[in-house]
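A structural walkthrough
Listed below are the residues making up each chain.
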2 protein chains.
Amino acid sequence: MTAQLDPYFKQVDTLSDHFIDRLRKAVAIPSVSADDERRPDVVKMGEFLASELKNLGAEVHLRPLGKQPHKEHLDLPPVVIARYGNDKNKRTILVYGHYDVQPALKEDGWATEPFNLTIDDKGRMYGRGATDDKGPVLGWLNAIEAHQKSGVDFPVNLLMCFEGMEEYGSEGLDDFIYAEAKKFFADADAVCISDNYWLGTEKPCLTYGLRGCNYYSIEISGPGQDLHSGVFGGTAHEPMTDLVRVMGSLVDPSGKILIDGLDKLVAPLTEEEKSLYGDIAFTMDNLYESLGSKTGLFDDKERTLMGRWRFPSLSLHGIEGAFSAPGAKTVIPAKVIGKFSIRTVPNMEIPEVNKLVEAHVNKVFASLGSKNTCKLIEQHSGKWWVASPKHWNFTAAAKAVERVWNVKPDLTREGGSIPVTLTFEQATGKNVLLLPMGSSTDAAHSINEKLDKRNYIEGIKLLGAYLHYVAEEPMNA
Amino acid sequence: MTAQLDPYFKQVDTLSDHFIDRLRKAVAIPSVSADDERRPDVVKMGEFLASELKNLGAEVHLRPLGKQPHKEHLDLPPVVIARYGNDKNKRTILVYGHYDVQPALKEDGWATEPFNLTIDDKGRMYGRGATDDKGPVLGWLNAIEAHQKSGVDFPVNLLMCFEGMEEYGSEGLDDFIYAEAKKFFADADAVCISDNYWLGTEKPCLTYGLRGCNYYSIEISGPGQDLHSGVFGGTAHEPMTDLVRVMGSLVDPSGKILIDGLDKLVAPLTEEEKSLYGDIAFTMDNLYESLGSKTGLFDDKERTLMGRWRFPSLSLHGIEGAFSAPGAKTVIPAKVIGKFSIRTVPNMEIPEVNKLVEAHVNKVFASLGSKNTCKLIEQHSGKWWVASPKHWNFTAAAKAVERVWNVKPDLTREGGSIPVTLTFEQATGKNVLLLPMGSSTDAAHSINEKLDKRNYIEGIKLLGAYLHYVAEEPMNA
């Protein structure tokens, strides 16, 4: 069956200008979900996708999500759901992507017009949304079209779920996924999401894990209002003095978390797992380049990758309520709110982490002997996710990578979270694969976002090939 | 000679409505020095003062100070300098005040129009500048007029220096004072400034000391740009982690400064000085009321007053460059700047303090073992000031207080700084007295600023009486 890949690949190459043109049309619609004024463009982008899918013969629905929370004058953009193929003898794969983009203005520092796809002589296609996530979303549509035009049978039934609010917290999506899990998505045998990036620029990867994130505030208050440090300094307990002590007690300068008992929640590192990191295409120079400095915690790639992916970390983000402007102000802030978060990994359960953090903060604050008041607030939390990379969903994808790129993919995790991943896993009960199209230099969320033409065209081949190998894989989970 | 005070006092009472009307006219001119748009009003206020002084027979000059630094399109308002009397047999007293005010808008929360002097049934006169510092400035003019109308000989030569930029850092004034010290101000035998407040509401005070202020930034930087805590948490040295440790090492929650050697610079407390604090009209409830809480460091008034006036204190003001808005942001700030200041007292010399702070910060940062970079910046510093309260300038003022208020004044210091005080002392080499008119509840710089009618009218008596006692005091310094 995968012998049919050659004519499919050839067709993708033949249609490459057409596929780039489709991406150009999509990038030209400024579907910025964070900007209320752009909401009609977000809707227009959803309609563009729906129209393209209909033209390809898919069954398409634009599903409303109601009003936007806290902005009741705004309708949320619709979720575009679609089905291509309904053959009971084929596997059914559910794919997810998003058609909204981050804000972008030329004057932010873009070298080109952000909503005008511009290709340079190295084949870098610049434009907001090129890599995040319009390129990958169109990848699925392009794969369908190349099958049709090459006469190669589409190997699976494809279910699609494309949302328009990903860059604004995926408002309303979780409930929708849970509601459709046993309806529109009921046939799905596995899930594939193409919305992340290679670890570097040359080697593809499959991603099987994400860290979770527990976000906290420590609120310390004393005086009824801000005070003048000349008049009151030396007479009152100052909330800032207490807060920096409590924040300083959470983590040491080497990145070690100092919360009692937290390390015991972390799954022990096995020798087998440890050995995996050596092969991954990553160098310390990759780290230094993305940091813009040589201030890494570790001098070797293995501990660096483990620090990013499989161990927890604690970052202090800032303080609300204190003097934060340039210049000098002699204020004693009356109420200060320190923000920090913990990136979590297996087997750290959210309630257990919360309990340890609360106990730690209360203990440290009590030890200060301050008359001020301290309150810990759990702002939000999202769980880590780890899938089995031995599932057929992953082995199929690995074979597709080898076929298209002539290299075995790295099996990677990510340090950040993509909450929808866990939602799909929990709602459908199926294996979820993250199959990135773009590379680490694509600058998603930054100025000069781009997708390399190579990654786009070979990526279309990869998505199609993945579906063919999926169709061939023996059932193992 | 002080027998002549009775007809003077009587005349002040007779003219009280006229004096209140003069204050009303002054408050009506919104001379906000921080607001560029209001600059013509500041100038107008200076001209109003000059005109009133000329009508009283004083020699008056409006002296330009040139362009405003960093705002070259704006002229600084003029300094109003004046002389009333030129009798070589009389002492000459130099008085200072300012005719500009803090910003004020009704919508900030004022109960009345801020630039419309409004008197309630308890005699509280509300209006921006009523107590800070238009009331006291006009006090000197009113004292001249009441002498003239009562036929009582003016007991001294009066030199006046009224500036229009005090609420915006007294731009240009220091150079002016130094330049005039041996010219227009050359005859001055002593200096009197009425621009501070009683410690409470019932008992007048004379102020003989101010703390200084050394203001610092600690800048810690690492990565080339802000980082995402999901992607980089656990792989890089985080500037915030280092900064809260360094800031936490400066002062403990009981207010004790932890900088090695700093306590040795502080003049030892003598038993005699210690005994002075018991008599001062101040209660812990006064502290709690102004704090708006019971979070004082000490439970007794003596240690509280010493904490405010005669011991140094260290306050942490905030952090620039970190996340300071409400909500949750998963950022690792690339460069963070911690702000703190030390209130200094005798005998802490600015360079010695700077040296100890720098050594401390460098030592603590080095102990962290971080690859980030740490830099200490001395933002600005102003020296403490302590005058001799045994000088005739003070004994005269004390007698005037007893005569007007029937009570011995408290001898107080202040925790904050009034930099012009030290400038006058250093430029003229003469004793400087701070002789407040308003009380602790006047809300200078806040909404609903007021001056009690009693403090204004009795204050005019006090300023005049002070000049009479000055004329009688034996030469002792």
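Reading the values: the criteria
Residues numbered from 1 in each chain as written. Chains lettered and ligands numbered in written order. Predicted model: local features only at pLDDT ≥ 70, side-chain atom pairs only at ≥ 80, totals over all residues. Heavy atoms only, no water. Helix = DSSP H or I, 4+ residues; strand = E, 2+ residues; numbered from the N terminus. Rg over C-alpha atoms; globule rule 2.2 N^0.38 Å. Buried < 20%, exposed > 50% of the residue type's maximum accessible area, 1.4 Å probe, protein only. Areas by Shrake-Rupley, 256 points an atom, 1.4 Å probe, with all protein chains shown as cover. Lys, Arg positive; Asp, Glu negative; His and termini not counted. Charge placed at Lys NZ, Arg CZ, Asp CG, Glu CD. Pairing = 2+ DSSP bridges. Axes fitted to C-alpha atoms, helices over the stretch in contact; angles between N-to-C directions. Contact = heavy atoms within 4.5 Å. Buried area = accessible area lost by both parts, 1.4 Å probe. Salt bridge = Lys/Arg side-chain N within 4 Å of Asp/Glu carboxyl O. Polar contact = N/O pair within 3.5 Å; in protein donor to acceptor, adjacent residues only side chain to side chain. Nonpolar A, V, L, I, M, F, W, Y, C, P; charged D, E, K, R; others polar. Least-squares fit on C-alpha atoms with pLDDT ≥ 70 in both. UniProt positions renumbered as here; feature names shortened; annotations may be inferred. Core = buried A, V, L, I, M, F, W, Y, C linked by side-chain atoms within 4.5 Å. Phe/Tyr/Trp six-rings, centres within 6.5 Å; stacked < 30°, edge-to-face > 60°. Lys NZ or Arg CZ within 6 Å of the ring centre and 35° of its normal. Expected span 1.5 Å × (residues − 1). Arc of directions from axis to C-beta. Parallel < 35°, antiparallel > 145°, perpendicular 65-115°, else oblique. Left-handed = near helix turned anticlockwise from the far one by under 90°.

Going by the annotation in an unreviewed UniProt entry, the name recorded for chain A is Cys-Gly metallodipeptidase dug1, with Lasiodiplodia hormozganensis given as the source organism.

Things to note about the overall build of chain A
Along its length, chain A carries 14 helices and 20 strands. Against the globule reference of 23 Å for 477 residues, chain A gives a C-alpha radius of gyration of 25 Å, in line with a compact fold. Every one of the 477 residues in chain A was classed for burial, and the buried ones make up 61%. When the accessible surface of chain A is totalled, it reaches about 18,000 Å², and 50% of it is carbon and sulfur. For chain A, the distance from the average position of its 53 positive side-chain charges to the average position of its 66 negative side-chain charges is 2 Å.

Section: the sheet that holds strand S15 (residues 335–344) of chain B
Residues and elements named next belong to chain B. The four strands are arranged S13-S15-S11-S16 in an open sheet whose pairing can be described as antiparallel. For this open sheet the edge positions go to strand S13 (313–320) and strand S16 (373–382), each flanked by a neighbour on one side alone. For this sheet, the mean angle separating the axes of adjacent strands, direction not counted, is 20°. Sheet analysis places strand S11 (residues 212–221) next to S15, joined by 10 bridges and oriented antiparallel. Bridge assignment links cysteine 213 to a residue of S15, and that residue is arginine 343. Packing against the sheet, helix H7 (residues 239–248) makes contact with S11, S13 and S15, and its axis sits at approximately 150° to S11.

Quick notes on the interface of chain A and chain B
A common way to report how large an interface is uses the accessible area buried once the components associate. Each partner contributes residues to the interface: chain A has 75 residues there, and chain B has 75 residues. For the pair chain A and chain B, the summed buried surface comes to about 5,800 Å²; carbon and sulfur atoms form 53% of the total. Our count for the chain A to chain B interface comes out at two salt bridges. The residue B:Asp299 makes a salt bridge to A:Lys371 at a minimum N-O spacing of 3.2 Å. Put simply, chain A and chain B have 47 residue pairs in polar contact (both at pLDDT 80 or more) between them. Each residue belonging to the side of chain A that touches chain B can be placed in one class, and the counts come to 29 nonpolar, 33 polar and 13 charged.

Section: the relation of the copies chain A and chain B
Screw-axis analysis of chain A against chain B gives a translation of 0.0 Å along the axis, an RMSD of 0.1 Å, and a rotation angle of 180°. Here the two chains are linked by the operation of a two-fold rotation axis. Closest to the rotation axis within chain A is the C-alpha of A:Val244, separated from it by 2.5 Å. In this assembly, 100% of the residues forming the interface of chain A have copies in chain B that are likewise at the interface, indicating an isologous arrangement.

Overview of the UniProt feature "binding site: substrate" (unreviewed entry) in chain A
Residues annotated in UniProt with the feature "binding site: substrate" (unreviewed entry) correspond here to A:Asp195, A:His228, A:Thr330, A:Arg343, A:Ser417 and A:His445. Of the residues just listed, which span 251 residues, the most distant C-alpha pair is 50.2 Å apart, and they do not cluster in one region. Here A:Thr330 lies in the loop between strand S13 (313–320) and strand S14 (331–332). For A:Thr330, a relative accessible area of 24% translates into the label partly exposed. Discounting chain neighbours no more than four positions away, the residues touching A:Thr330 are A:Leu227, A:His228, A:Ser229, B:Cys213, B:Tyr215, B:His317 and B:Arg343. As for its placement among the helices and strands, A:His445 is situated in the loop between strand S19 (432–434) and strand S20 (450–452). A relative accessible area of 44% places A:His445 in the partly exposed class. Residues contacting A:His445, with those up to four places away along its chain left out, are A:Gln102, A:Arg128, A:Asp132 and A:Glu167. A polar contact of 3.5 Å, which involves the side chain of A:His445, links it to the side chain of A:Gln102.

Remarks on the pairing of strand S10 (residues 205–210) of chain B
Residues and elements named next belong to chain B. The element S10 is largely enclosed, with a buried count of six among its six residues. In this sheet, strand S18 (residues 410–414) lies alongside S10 in parallel orientation, the contact comprising five bridges. Along S18, the bridge assignment pairs threonine 207 with threonine 412. With two bridges connecting them, S10 and strand S17 (residues 385–386) associate as antiparallel partners. Note on S17: the bridge partner recorded for leucine 210 is tryptophan 385.

Notes on the nonpolar core
A:Ile93, A:Leu158, A:Phe162, A:Phe424, A:Tyr456 and A:Tyr466 are the most contacted members of the largest nonpolar core, which totals 98 residues. It is helix H14 (residues 453–472) of chain A that provides the largest number of residues to this core, a total of 10 residues. Formed by 95 residues, the second largest nonpolar core is a distinct cluster that contains B:Tyr99, B:Ile144, B:Leu422 and B:Tyr469.

Things to note about the packing of aromatic side chains
Counting across every chain of the model gives 20 aromatic pairs over all chains. Pairing B:Phe184 with B:Phe185 gives two aromatic rings, centres 6.1 Å apart and planes at 80°, and the pair type is edge-to-face. As far as the burial class goes, B:Phe184 and B:Phe185 line up, both buried. Arranged with centres 5.1 Å apart and planes meeting at 85°, the rings of B:Trp198 and B:Trp405 form a pair that is edge-to-face. Taken together, the positions of B:Trp198 in the loop between strand S9 (190–193) and S10 and B:Trp405 in helix H12 (residues 392–405) put the pair 207 residues apart, joining distant regions of the chain. Take B:Trp198 and B:Trp405: they sit in the same class, and that class is buried. Ring pairing ties together the aromatic residues A:Tyr96, A:Phe176, A:Phe184, A:Phe185 and A:Phe424, which thus form one cluster. Between the NZ or CZ atom of A:Arg308 and the centre of the ring of B:Phe232, over which it lies, the distance is 5.3 Å. Across the ring face of A:Trp384, the terminal group of A:Lys383 is positioned such that the distance to the ring centre comes to 4.6 Å.

Focus: the pattern of salt bridges
Side-chain pairs of opposite charge can arise where the charged atoms are in close proximity. In total, this model carries 62 salt bridges over all chains according to the counting rule given. Across the pair A:Asp120 and A:Arg124 runs a salt bridge whose closest N-O atoms are separated by 2.8 Å. Relative accessible area serves as the criterion here: at 28%, A:Arg124 is assigned to the partly exposed category. A salt bridge links B:Glu52 to B:Arg22, with the nearest nitrogen and oxygen atoms 2.7 Å apart.

Some details on helix H3 (residues 39–55) of chain B
All names here are of chain B. Helix length check: H3 (17 residues) gives 25 Å between terminal C-alpha atoms against 24 Å at 1.5 Å per residue, within 8%. Among all positions of H3, only Arg39, Asp41, Val42, Met45, Gly46, Phe48, Leu49, Ala50, Glu52 and Leu53 are buried. Of the residues flanking the end of H3, it is glycine 57, one or two places downstream, whose phi is positive at about 95°.

A closer look at helix H1 (residues 5–14) of chain B
Residues and elements named next belong to chain B. Looking at H1, one finds that the buried residues are Leu5, Tyr8, Phe9, Gln11 and Val12. End-on, the buried residues of H1 take up no more than an arc of 160°, which puts them together on one face. Of the exposed residues in H1, those oriented more than 90 degrees away from the buried face are Lys10 and Thr14. Here the buried face of H1 lies against helix H2 (16–27), helix H4 (130–150), H12 and helix H14 (453–472).

What to know about the packing of helix H5 (residues 173–180) of chain A against helix H13 (residues 419–428) of chain A
Residue and element names in this part refer to chain A. Interhelical geometry of H5 versus H13 gives an angle of 20° and a closest axis separation of 9 Å. As summarised for this structure, H5 and H13 are arranged roughly parallel, according to the angle between their axes. Two packed elements cross with a definite hand, and for H5 against H13 that hand is right-handed. On H13, the residues touching Leu173, Asp174, Ile177 and Tyr178 of H5 are Val420, Thr423, Phe424, Gln426 and Ala427. Residue classes in the contact of H5 with H13 are distributed as six nonpolar, two polar and one charged.

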